[in-house]
Amino acid sequence: MKILLLGKNGQVGWELQRSLAPLGQVLALDSKSLDYCGDLSDLGGLAATVQRFAPDVIVNAAAYTAVDKAESEPGVARRVNAEAPAVLAAEALKLNALLVHYSTDYVFAGDGETPWQESDPVGPLSVYGATKLAGEQAIQSSGCSHLIFRTSWVYAARGNNFAKTMLRLAQERDSLNVINDQFGTPTGADLLADVTAHAIRAVRQQSHLGGLYHLASAGETTWYRYARFVLEQAQAAGVELQVGPASVGAIATAAYPTPAKRPGNSRLNTQKLQNAFSLFLPDWQDGVARMLIETLEK
Ligand code: NDP
């Protein structure tokens, strides 16, 4: 099997390099790759890459993920998050290849408290969310075989993430206030990559399993409770903190204005994925604790 991986150095892309390796020959690219174009803002170059490599599977882990910056750069965000996936879908259709793509809880308006199902109405609040939704829709309407995974609150051992930022701030600062009215589920890039590899194998054998799925760890939390969990783990591991877990302040979204609006309810119902692929999704705390051990050992 020939697999084209785009965005190889992102959180998810990095883990996919590992999880896709046993499935076949992987051509992994980023925006600066030289032999093949891996720049999603170069639509012609991207199409040429697919035509030349002729993959059986395209995995697109690249995206414009700067949520706040997207508000002032809607054109670039749309090109990378919507137009490039449309090009990949058109090329995948010609080759009869499977296209794997990632989307986000930010396609939802975020009202209510019920975990979102795949069939629920969308209503993005931000440019990022709207461009990611347009990417999904372009793939779905193209007619190509596809897997789209909507996920949330992604972290990885490599690179920066919310947990590491909380750890640093709790060591540097005298006080720490964190938002407590956005609900969602931290999801590890390693879990996403492993489930992706599993699902690719399944869809290659049973094409009717293709489609749109919600993929996140089990359970739910808020950014505030997530921060407290991180600091509790760090404290138990002997890390000295200026701000201990019990001293973290809980604030409302309104007290921390950002250019892009975020959904209050980012909970994703993952039952469809678990049923289709006979998978079990672990509690979010398991992966975060493991990532912290890796981080603290460095
Ligand atoms: P990262 O921001 O870690 O990685 C995104 C990658 O895309 C980076 O390596 C970036 O490269 C690359 N990229 C950006 N622009 C281009 C371009 N023009 N051409 C090629 N590559 C480009 O994101 P994640 O790994 O966290 O996200 C993976 C997927 O999951 C994305 O589809 C994202 O929308 C989705 N998602 C992420 C969430 C999160 O919390 N992070 C939540 C929900 C969904 P460079 O750094 O060099 O620009």
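Keep in mind that this is a model prediction, so the values were computed, not measured. (Residues numbered from 1 in each chain as written. Predicted model: local features only at pLDDT ≥ 70, side-chain atom pairs only at ≥ 80, totals over all residues. Heavy atoms only, no water.)

## Structural notes on the site of the ligand
- What surrounds the ligand is a group of 25 residues, the closest being Val-12, Leu-40, Thr-65, Tyr-128 and Lys-132.
- With respect to the ligand, the side chain of Thr-65 contributes an N or O atom lying 2.6 Å from an oxygen atom.
- One of the side-chain nitrogen or oxygen atoms of Tyr-128 is found 2.7 Å away from an oxygen atom of the ligand.
- Coverage of the ligand by the protein amounts to 76% of the 890 Å² it exposes when considered alone.
- Of all elements in the fold, only helix H1 (11–20), strand S4 (98–104) and helix H4 (127–142) reach the threshold of two or more residues within the shell around the ligand.
- Top element by residues in the shell around the ligand is S4. It accounts for three residues.
- When grouped by side-chain class, the residues that make up the shell around the ligand number 10 nonpolar, 11 polar and four charged. (Near = heavy atom within 4 Å. Polar contact = N/O pair within 3.5 Å; in protein donor to acceptor, adjacent residues only side chain to side chain. Areas by Shrake-Rupley, 256 points an atom, 1.4 Å probe, with all protein chains shown as cover. Helix = DSSP H or I, 4+ residues; strand = E, 2+ residues; numbered from the N terminus. Nonpolar A, V, L, I, M, F, W, Y, C, P; charged D, E, K, R; others polar.)

## Here's the deal with the pattern of salt bridges
- Per the counting criterion, the structure on display carries eight salt bridges.
- With a shortest N-O distance of 2.7 Å, Arg-262 and Asp-68 are connected by a salt bridge. Residue Arg-262 is located in the loop between strand S12 (249–251) and helix H8 (271–277), and its partner Asp-68 is located in the loop between strand S3 (57–60) and helix H3 (74–95); the two are separated by 194 residues in the primary sequence.
- By relative accessible area, Asp-68 is classed as partly exposed at 24%.
- The salt bridge partner of Glu-136 is Arg-150, with a shortest N-O separation of 2.7 Å. Linking Glu-136 in helix H4 with Arg-150 in strand S5 (residues 145–151), this pair joins segments that are 14 residues apart in sequence. For the pair Glu-136 and Arg-150, a shared accessibility class is recorded, and that class is buried. (Salt bridge = Lys/Arg side-chain N within 4 Å of Asp/Glu carboxyl O. Buried < 20%, exposed > 50% of the residue type's maximum accessible area, 1.4 Å probe, protein only.)

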